[in-house]
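Remarks on the overall topology
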There are 2 protein chains.
Amino acid sequence: MTSTRITTLLLLALTALPSWAMIVEKQKHVIPSFTLFNGAELKNVQIGWEAYGELNEDKSNAILINHYFTGSSHAAGKYAESDPAPGYWDAIIGPGKAIDTNRFFVISVDTLANINAYSSNVHTTGPASVNPTTQTPYGLDFPVVTIRDFVNTQRAVLQSLGIKKLHAVIGASMGSMQAIEWASTYPDEVERIVSVIGTGYMDAWSTVELEQWAIPIRLDKQWNQGNYTRETAPLDGLTAALMQVTQIALAPAFINQIGESLDYQPLESGPLHDIRQKHSIVNWLHDRARQRASLMDANHLLYLVRACQLFITGHSDSLEKGLSNITAPVLLLPAEQDLLLMPYMSELLADELAKRNHPVSLHTIEGDQGHLEGVTGIGKMAKTLSTFLNTDVSPENPK
Amino acid sequence: MTSTRITTLLLLALTALPSWAMIVEKQKHVIPSFTLFNGAELKNVQIGWEAYGELNEDKSNAILINHYFTGSSHAAGKYAESDPAPGYWDAIIGPGKAIDTNRFFVISVDTLANINAYSSNVHTTGPASVNPTTQTPYGLDFPVVTIRDFVNTQRAVLQSLGIKKLHAVIGASMGSMQAIEWASTYPDEVERIVSVIGTGYMDAWSTVELEQWAIPIRLDKQWNQGNYTRETAPLDGLTAALMQVTQIALAPAFINQIGESLDYQPLESGPLHDIRQKHSIVNWLHDRARQRASLMDANHLLYLVRACQLFITGHSDSLEKGLSNITAPVLLLPAEQDLLLMPYMSELLADELAKRNHPVSLHTIEGDQGHLEGVTGIGKMAKTLSTFLNTDVSPENPK
């Protein structure tokens, strides 16, 4: 059997049997010197990325997927068949799926200061990276990075592949901000955008909420003004931050279901008799956060918080100005019970775009998992997504 | 002019001119020895209280008001004309108001471990109190206290005044829990209860939310496992806790209005160029919380969190059992946009009570201030409250 025939059979098998994982490989791109939005310079910027499907000859079939706060570029597939779970949006990315890898070249890129700094499947440059000037971790000497900078690093990766235009940019939560920023900053290079559980800017409420995540890290004495190594990292503060991230990204029904499975009771005996003991549900959340913390970096979390806090479409002092640059049709998918980027954020964006007769549609993801519906519930929007990806944006029918 | 005539004129003036404050005085009751719900003993328990209106001869006109988490027994009136603001529910408590002090003797009591431990207008016993055995602050040697214990200390105060039955018990938030607990534990002594922005028990979601407040205190190195004095108190941790309490007790509209007044922008220059700088809205919330922290105690906050986490009506393993003891009619007033004790908590309580044909009514407080509507928006419910307080509960018409 020729190797081509084996490949074809394998591909057929993968397509026919969706329980077989799409196997993907992490790639790395390096930018020797990179100027940030705030004017600072970064040297030797490491950027992880991965892709699903094949780039066509004229490089016109690329779709960019932008990841959320605690995520990475691992949007779909598995690195090995034995991986416990595929990438977070595997329900919609793959052969024959809503974002069809038989048709599209789907690519995703790790952000700067990606929170999963110690994951072998993430390549990123952030405060935990070694500062070439001092040969120690940057810590707080790392410059502030923005959503615009994430867009520009992604663009560098795409340019390295010869991709000059994107069929679509799609992202959830922090990824939605990147999608909108793409459309506003490089309108000629983006044909469609999808904002899932997203926002067009950070309002005062959301900026304060994000700050709540940062505060416990700075309180941890191990944090030491950002000067620590992986061995001396402020894991208690990071765990506390992740406990907050987890709760606000969920909604009552989810945590209450976990509570039932633990036989949670308000009047548990341990906490009734000893102030040092905790309720079963608190221990569950703590242990889950602690486990997640092991591959994450606390300073990276602080920098991602800041990137989100600084976000306004177009990175100016006016949302109107930022939105007015957008030419791509926009699909907004807020989650019904989202407590983090509440549906009003998407509705406001829809109103602002509709005001200027911009092509925009909004569909609400129903379900009781809060913000997380944008990840776990995305399968429900498969048809909406696939229809939107077929929107004609040719010059004869521009919008 | 006789002193009676002067008093009459003054009373008339106070009634006619509601801008004149009702002047109140803090009282103190001491319980030499008190057995807690979990079996622990407390000595020399100090309890602050205050009252508005006059107790009638047969002591049948008393209404008990229970305060919320960060509150005290200062529900109405002023200690001096020069006070910047009256008690928190002054809109509904006073001569001619919904809870009419011309008719009712309205009394409120500071909880054990009241958070305002260093306020001269609060008398409480908690972890910041001196342990008579060691002559140093209790710290974490203070026993865990419960909502039931708050009820029992209130009952001791009432008994010291000869009051054996309450026309009504009314409370907001943590105060609502006390009202429901009263009705379940001492059904023969409570004729009506009102639960404002409340709940019949702590579900897993809310227990986790409360824990988020406790975590930054325990991270503050000054906390030192609860061993500190007022001079060495963990103010950073307490401030962080209060930042969370403040946000979750509000809703986006309120914080966004503050943001507008500060000219908040996502892309503020300080935070864009320096990770150590904060957005204007973050500084505002921090400064406000820091100021509030000055009269509060961090360990007291931990103990109040625990009291709330342990709450289930009747303090058993079954909400049904707790509710089945209640005979008093129940009025529930959830707030439309409450993010802390969300309306579903009151709705669940209404459903459970209605199932057993218990007289219960639910009216939603509308407004965009979240949980805080139960305090600042209470005036909107004046008519509902006053109608409810006139409900006939005589044996001929028991419900």
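Residues numbered from 1 in each chain as written. Chains lettered and ligands numbered in written order. Predicted model: local features only at pLDDT ≥ 70, side-chain atom pairs only at ≥ 80, totals over all residues. Heavy atoms only, no water.

For chain A, the name recorded in an unreviewed UniProt entry is Probable acyltransferase, with Alteromonas sediminis as its organism. The record in UniProt for chain A states the following under Sequence similarities (unreviewed entry): "Belongs to the AB hydrolase superfamily. MetX family." The UniProt entry for chain A carries the following comment under Subunit (unreviewed entry): "Homodimer." (UniProt positions renumbered as here; feature names shortened; annotations may be inferred.)

This part covers the packing of aromatic side chains. Residue and element names in this part refer to chain A. The final tally for this structure, using the stated rule, is 12 aromatic pairs over all chains. Ring centres 4.9 Å apart and planes at 80° place the aromatic pair Tyr138 and Phe142 in the edge-to-face group. Phe142 sits in the buried class, given a relative accessible area of 2%. By way of ring pairs, the aromatic residues Tyr68, Tyr88 and Trp89 are connected into one cluster. The ring centre of Tyr186 lies 3.9 Å from the NZ or CZ of Arg155, which sits over that ring. (Phe/Tyr/Trp six-rings, centres within 6.5 Å; stacked < 30°, edge-to-face > 60°. Buried < 20%, exposed > 50% of the residue type's maximum accessible area, 1.4 Å probe, protein only. Lys NZ or Arg CZ within 6 Å of the ring centre and 35° of its normal.)

Under the criterion given, the structure shown has 24 salt bridges over all chains. Among the ionic pairs, Arg290(A) bridges to Asp236(A), the shortest N-O distance being 2.6 Å. With Arg290(A) in helix α8 (residues 280–293) and Asp236(A) in helix α5 (residues 235–248), the pair connects residues that are 54 residues apart, well separated along the chain. Asp274(B) serves as the salt-bridge partner of Arg276(B), at 3.9 Å between the closest nitrogen and oxygen. Given a relative accessible area of 46%, Arg276(B) falls into the partly exposed group. Under the relative-accessibility criterion, Asp274(B) is labelled partly exposed at 24%. Ionic contacts of the salt-bridge type, sharing partners, join the residues Lys26(A), Glu50(A) and Asp110(A) into one network. (Salt bridge = Lys/Arg side-chain N within 4 Å of Asp/Glu carboxyl O. Helix = DSSP H or I, 4+ residues; strand = E, 2+ residues; numbered from the N terminus.)

Across the contact, 64 residues belong to chain B and 63 residues belong to chain A. Among the residues chain B hides against chain A, the three largest losses belong to Trp205(B), Leu219(B) and Ile275(B). Together they make up 14% of the total. One can count 0 salt bridges joining chain B with chain A. Counting residues per element, the side of chain B that touches chain A draws most heavily on helix α4 (residues 204–219) of chain B, which supplies 11 residues. (Contact = heavy atoms within 4.5 Å. Buried area = accessible area lost by both parts, 1.4 Å probe.)

All names here are of chain B. The strand order across the open sheet built from 8 strands is β1-β2-β6-β3-β7-β8-β9-β10, with neighbouring strands paired in mixed fashion. The open sheet has two edge strands, β1 (27–35) and β10 (360–362), and neither has a second partner. Strand-to-strand twist in this sheet, taken as the mean axis angle between neighbours without regard to direction, amounts to 20°. Pairing of strand β8 (residues 193–196) with strand β9 (residues 330–333) involves 4 bridges; the strand directions are parallel. Across the sheet, Ser195 pairs through a bridge with Leu332, a residue of β9. Sheet contacts for helix α2 (residues 147–160): β1, β2 (41–52), β3 (62–66) and β6 (105–109); angle to β1, the most-contacted strand, approximately 120°. Strands in contact with helix α3 (residues 174–185) are β3, β7 (168–172) and β8; relative to β7, the strand with the most contacts, it is inclined by about 150°. (Pairing = 2+ DSSP bridges. Axes fitted to C-alpha atoms, helices over the stretch in contact; angles between N-to-C directions.)

Right, let's talk about the relation of the copies chain B and chain A for a bit. The two copies are related by a screw motion: chain B maps onto chain A through a turn of 180° and a shift of 0.0 Å along the axis, at an RMSD of 0.0 Å. Viewed as a symmetry operation, the transformation between the two copies matches a two-fold axis. The residues that chain B uses at the interface reappear at the interface of chain A in 98% of cases, marking a shared surface. (Least-squares fit on C-alpha atoms with pLDDT ≥ 70 in both.)

In this section: α8(A). Between its first and last C-alpha, α8(A) extends 20 Å over 14 residues, near the 20 Å set by a 1.5 Å rise per residue. Among all positions of α8(A), only Ser280(A), Ile281(A), Val282(A), Leu285(A), Ala289(A) and Ala293(A) are buried. Where the residues of α8(A) are buried, they touch α5 and α6 (252–261) of chain A together with α4 and α9 (298–309) of chain B. (Expected span 1.5 Å × (residues − 1).)

Let's shift gears to the UniProt feature "domain: AB hydrolase-1" (unreviewed entry) in chain A. UniProt records the feature "domain: AB hydrolase-1" (unreviewed entry) at residues 125–368 of chain A, using the numbering of this structure. End C-alpha atoms of residues 125–368 of chain A are separated by 36 Å, and the span's content is 48% helix alongside 7% strand.

Glycine aside, the phi torsion of most residues is negative, and most peptide linkages are trans. All names here are of chain A. Phi is positive for Gln135, which is not a glycine, with a value near 60°. Tracing the chain through its elements places Gln135 in the loop between β6 (105–109) and α2 (147–160). Unusually for a residue other than glycine, His315 sits at a positive phi of about 50°. Residue placement: His315 occurs in the loop between α9 (298–309) and α10 (319–324).

Any two packed helices are characterised by how steeply their axes cross, that is the angle between the axes, and by the distance between the axes. Residues and elements named next belong to chain A. Where α5 meets α8, the axes come as close as 8 Å, and the angle between the chain directions of the two elements is 115°. Considering only the axes of α5 and α8, their crossing is right-handed. Contacts between α5 and α8 pair Leu235, Asp236, Leu238, Thr239, Leu242, Met243 and Thr246 from the former with Val282, Leu285, His286, Arg288, Ala289, Arg290, Arg292 and Ala293 from the latter. (Left-handed = near helix turned anticlockwise from the far one by under 90°.)

On to the confidence of the model for chain A. Across chain A, the average pLDDT comes to 94, with 94% of residues at 70 or higher. Across residues 1–18 of chain A the pLDDT falls below 50, and counting only partners more than four positions away or on other chains, this stretch makes 7 contacts in the model. (pLDDT = per-residue confidence, 0-100.)

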